[in-house]
Each structure stands twice: as structure tokens, then as C-alpha cells.
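# Survey of secondary and tertiary structure
Single-letter residue listing:
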Amino acid sequence: MNKIMDEILSKNPVFYENRECPEDPGNFLENINIGIREIQDAEERMKRFAPLISKIFPETGDGIIESPFMKAPDLQKILYPNMEGNLFIKLDSHLEVAGSIKARGGIYEVMKVTEELLVENNFLVVGDDYTKIGTPQIRQFLSGYSMSVASTGNLGLSIGIMSARLGYSARVHMSRDAKQWKKDRLLKNGVAVIEHKGDFTCAAAMARKEAKNDNKIHFVDDERSINLFMGYAVSALRIKDNLKANGIVPTPKKPLILYLPCGVGGAPGGITFGFKSIFGRSVKCYFAEPVASPSMLLSVLTGKYGELNVNEYGLDNRTELDGLAVASPSDFVSHMMGMLCNGFYTVTDDDMFRLLYLLNESEGVRIEPSAAAGIPGPAITENLQTDAFHIIWTTGGLFVPGEIYDKMYSRGKSVYENSRN
Ligand SMILES: *Cc1c(COP(=O)(O)O)cnc(C)c1O
């Protein structure tokens, strides 16, 4: 423990295997108040909204926002020539509407809140044709309400774009990390962007306070929201089609192993909760964080959970991995992951640019730097000799403007070339 603590405080990449995590999650899952029923309920709600989503976001086709799943033989050849099993990528980087994994949780929370609000005010009955939510009368009603969120960028895109499209007044509190192009994209979509000088934890505290004093503002609370969490968990139901199409049948002997980038914890936590609920002993999950903000890792290691802030450990939470720049994790997610997550590791910014470059070179996939954090997982977690279906979860990138991507690609290329000299 002292040794790994020293490494973490020196900002060296580490791997921590979580021995508290039981091989069989069944016992733990039976004793919490959410489960498969709640995940199915979320999936049903997404289906009710699908006709509306299809209409207001035609790029989603049938209105079910889901990502591609691919084999990654060329990346496997470059990075892991001796790997047991096969390498796959789950491309949440390419989710429509939000351009990141936040399309799962964020859009789901807007659906949930909207359904409740409209039913309560007699505009809607559960099971109606939800395309009527796009009519002028309902838009007019929703325009009297605000959706608010704090974000390092991507959650803001998700909540902002979705809620503005439904007619809400949308307010996004951006932390200092947020990239200019993400703010520009929101402004173009009619969203109010409030810029904060502090990090995500600070921006969230201010936005939470603002909403507390105004009952017409719904604050999407990334540190506490069970709705976001359930929206992410639905991925575990949806993956079944991907597995079937690829002839994948996970077993405890040949499990799925997920490598998930982690910020506040909601996205990787919800996915882990969903997968462990459905696949039990046939899945393992590992989280990746930047060396400058290993908040989930430290929260579990120290037992401080949501009370933990990396600043108190002399870490500065300064990273180019903006989606993961979180100094303090979700309290309920960190408690749960203490029991469900198999291990945690940290990565450097430079290495993520290198992998962003290599992913493009090998598989032609474009991602943002945060989204690369799962890629080194199989080696770091010492799973190369484990016969498994290794699934790297890429989490953002679809909307990165071309000239910005080119710069990141060049940085990655030079890191790669220098590493070979
Ligand atoms: C938000 C985000 C994550 C992590 O999700 P959390 O819920 O914050 O843990 C990972 N990658 C990207 C690109 C993100 O935007």
C-alpha cells in the first residue's frame, strides 16, 4: 500500500488489483436496491422515446442511440502480438447526438425527467406516441424549465444538445478543462455556457447551488445521479446483439474483460454494474484514470470514497484527458466499485496521444485522448495471458473538429516516433 501510494503521488502510472472484488458479484448485487429490473425499465423508457429521437435526431436512424462494436485485429497485432484471446473495441466514441459515452447517461436522464414532468402536468400518458413531445404546445411548456449540468465538456454536450432540442432552456457550467470547440458547439445549439475558473468539482458545486434555489431548474448531478448511472447500465443489455454477431459466448473460463476510462465514475460504474448484473462471473472490469487525477483509485484505496479529493494529495488534476479530469469521484459509485471493479490503473497524457495515433494507424478509428485510456489495459492489468474477449471501450471523439484532431494526431505521432528511438 505504501509503495503504490508513493508511485501515485509521484504521478507514475500504476496498477492496483482490487482484492475486495469477489469473483462472483452475485451476493453483493442481491443486497443492493437496484438490479436487472431497473436496467430493463431504463431500456423500455429509451424505446418509448425512440420515435421522438428518430424525428429530432434523424442521424440516429431508428432513434435508438447505440454504438458499433468491432474486432481490432490490426491493433492487436501492433500492441499485443502475444495476446491470448481476441481484442475488440466498443465504439462509444461514435455515439450520435453527444459524440461520446455521455449519450447513454445524459440523454437518458433528460428523457426520464421529461417523461415525469409531462405526465405530472397531463401532457403525456406513459405509452403515448412520444413524437407529440416535439409539438409547439409541449415545447412551449418545456421552455419554462431549465436543464442544468456541470461538465468538463462531454456531459455538457449531451445534456445541452438534447434538452435544447426538446425546447428547454439549457445551462451548461463548464469547468476550466473544457475545450473551446465543445463550448462553440453548444453555443451553436442555443445552449447557455457558463465558464468556471475552477475544476469540475467546483463547477458542480456552484451549479448545484444555483438549482437548489430555483424549482424550475433540474440539475443533472453527475456526482449523485442514479438516472445517469442507469442510462449507462443499459449498454449491458444492448451488447448481447454485438456478442451474438461475433459468435462471442462469455464464460467464467473465457470472460469478457472491459477496459473503461473513468472520470467521476458514473459511466464506467454504470457499465460495470450492468455487465456484472447480467454476465456475473463471466465479466471483469478495469478502470483507467490520468496520473494527475486518480480519484476513483485513491477513493477506494483510502476508503474515503466521495470525500476524497486528489488535491489533498498534492495531485493537480491537470490533464489533456479532459473527460477524465475529475478530482473527486461519485460517492455512491465509488462505494459500489469498491466491490465490483476488478482493478484500477493510471495513464500519462503522452501515452494516450501515442495510442490515439496508433489506433488511427491500425484500425482507422478517430478518438479523443480521454477515450484512449482503455487501450493499454490488457498489458497493464496483466491479462495478456488470460484467454478472454478483451473489450476496449473508446468513449469520445465523433465530433472533434478535423484541424484539432490533426494536431492531436501529430503529437501522438511524435511521441510514438520518439519512443522508438
Ligand atoms: C465522461 C467521460 C468518461 C468517463 O465517465 P465518468 O462518468 O465521468 O466516469 C470517459 N471518457 C470520456 C471521453 C468522457 O467524456
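For the structure, check the block above.
Residues numbered from 1 in each chain as written. Predicted model: local features only at pLDDT ≥ 70, side-chain atom pairs only at ≥ 80, totals over all residues. Heavy atoms only, no water.

### Quick word on the environment of Glu223
Within the fold, Glu223 resides in the loop between β7 (217-220) and α10 (226-233). Considering only alpha carbons, one finds Glu223 and Gly35, 188 residues apart in sequence, at a separation of 20 Å. Residues within four places of Glu223 in sequence aside, it is in contact with Phe200, Thr201, Ala204, Arg208, Val264, Ser328, Ser330, Asp331 and Phe332. There is a polar contact of 2.7 Å between the side chain of Glu223 and the side chain of Arg208. (Helix = DSSP H or I, 4+ residues; strand = E, 2+ residues; numbered from the N terminus. Contact = heavy atoms within 4.5 Å. Polar contact = N/O pair within 3.5 Å; in protein donor to acceptor, adjacent residues only side chain to side chain.)

### Looking at the packing of aromatic side chains
Throughout the structure, instances matching the rule amount to 16 aromatic pairs. Measuring from ring centre to ring centre gives 6.1 Å for Phe15 and Tyr286, while their planes differ by 55°; the resulting arrangement is tilted. With Phe15 in strand β1 (residues 15-17) and Tyr286 in strand β9 (residues 283-290), the pair connects residues that are 271 residues apart, well separated along the chain. Where Tyr16 meets Phe344, the ring centres are 6.5 Å apart and the plane angle is 20°; that geometry is what we call stacked. With Tyr16 in strand β1 and Phe344 in strand β10 (residues 343-347), the pair connects residues that are 328 residues apart, well separated along the chain. For Tyr16, a relative accessible area of 22% gives the class partly exposed. Through pairs of rings, three or more aromatic residues link up here, namely Tyr357, Tyr405, Tyr409 and Tyr416. In this arrangement the basic side chain of Arg185 is found over the ring face of Phe399, its NZ or CZ atom lying 3.6 Å from the centre. (Phe/Tyr/Trp six-rings, centres within 6.5 Å; stacked < 30°, edge-to-face > 60°. Buried < 20%, exposed > 50% of the residue type's maximum accessible area, 1.4 Å probe, protein only. Lys NZ or Arg CZ within 6 Å of the ring centre and 35° of its normal.)

### Description of the sheet that holds β9
Note on sheets: strands pair through backbone hydrogen bonds, and any given pair is parallel or antiparallel. Within the open sheet, the seven strands sit side by side as β1-β10-β9-β8-β11-β3-β2. Their pairing is mixed. Strand pairing shows two members of the sheet lacking a second neighbour, β1 and β2 (69-71), which therefore form its edges. Pairs of neighbouring strands in the sheet enclose a mean axial angle of 20°, with direction left out of account. By the bridge criterion, three bridges tie β2 to strand β3 (residues 86-91) in an arrangement that is antiparallel. Residue pairing in the sheet places Phe69 in a bridge with Lys90 of β3. Relative to β9, helix α12 (residues 266-279) is tilted by about 170°, and along the sheet it contacts β8 (256-261), β9 and β11 (389-394). (Pairing = 2+ DSSP bridges. Axes fitted to C-alpha atoms, helices over the stretch in contact; angles between N-to-C directions.)

### A word on α10
Of all eight residues in α10, seven are buried; the element is thus mostly enclosed. Where α10 is concerned, the buried positions are Asn227, Leu228, Phe229, Met230, Gly231, Tyr232 and Ala233.

### Regarding helix α3 (residues 36-56)
Given 3.6 residues to a turn, an α-helix orients residues that are three or four positions apart in the same direction. In a regular helix each residue adds 1.5 Å, so 21 residues correspond to 30 Å; α3 covers 29 Å between its end C-alpha atoms and thus fits that length. The axis of α3 is deflected most strongly, by about 45°, at Ala50, and proline Pro51 appears within four residues downstream. Among the residues of α3, Ile39, Ala42, Glu43, Arg45, Met46, Phe49, Ala50, Leu52, Ile53 and Ile56 are the ones counted as buried. Against the buried residues of α3 lie α5 (102-120), α7 (154-166), α10, α11 (235-245) and α12. (Expected span 1.5 Å × (residues − 1). Bend = angle between axes of the 7 residues up to and from the residue.)

### Overview of unusual backbone geometry
Of note, the phi angle at Val97 is positive, near 75°, even though the residue is not glycine. Here Val97 lies in the loop between β3 and α5. Positive phi, normally seen in glycine, also occurs at Asn122, with a value near 60°. Judged by its relative accessible area of 70%, Asn122 is exposed.

### A word on the site of the ligand
For the ligand, the set of nearby residues contains 15 residues, the closest of which are Lys102, Asn154, Gly263, Gly265 and Thr395. In this structure, an oxygen atom belonging to the ligand sits 2.7 Å away from a side-chain N or O atom of Lys102. In the model, an oxygen atom of the ligand is placed 2.9 Å from a nitrogen or oxygen of the Val264 main chain. Bound to the protein, the ligand loses 98% of the 370 Å² it would expose on its own. The leading source of residues in the shell around the ligand is α12, at three residues. Among the residues forming the shell around the ligand, the class breakdown is six nonpolar, eight polar and one charged. (Near = heavy atom within 4 Å. Areas by Shrake-Rupley, 256 points an atom, 1.4 Å probe, with all protein chains shown as cover. Nonpolar A, V, L, I, M, F, W, Y, C, P; charged D, E, K, R; others polar.)

### Quick look at the nonpolar core
Counting residues in hydrophobic clusters, the biggest one holds 136 residues, and the most contacted among them are Ile133, Leu256, Leu258, Phe273 and Phe275. When residues of this core are assigned to their parent elements, the largest contribution, eight residues, is made by α5. Formed jointly, this core draws a minimum of three residues from each of two domains, domain 1 (2-99 + 229-420) and domain 2 (102-227). Excluding its chain neighbours within four sequence positions, the residues that come into contact with Leu256 are Leu243, Ile248, Pro250, Phe275, Phe279, Ser282, Val283, Lys284, Phe389 and Ile391. (Core = buried A, V, L, I, M, F, W, Y, C linked by side-chain atoms within 4.5 Å. Domains from an automatic or database assignment.)

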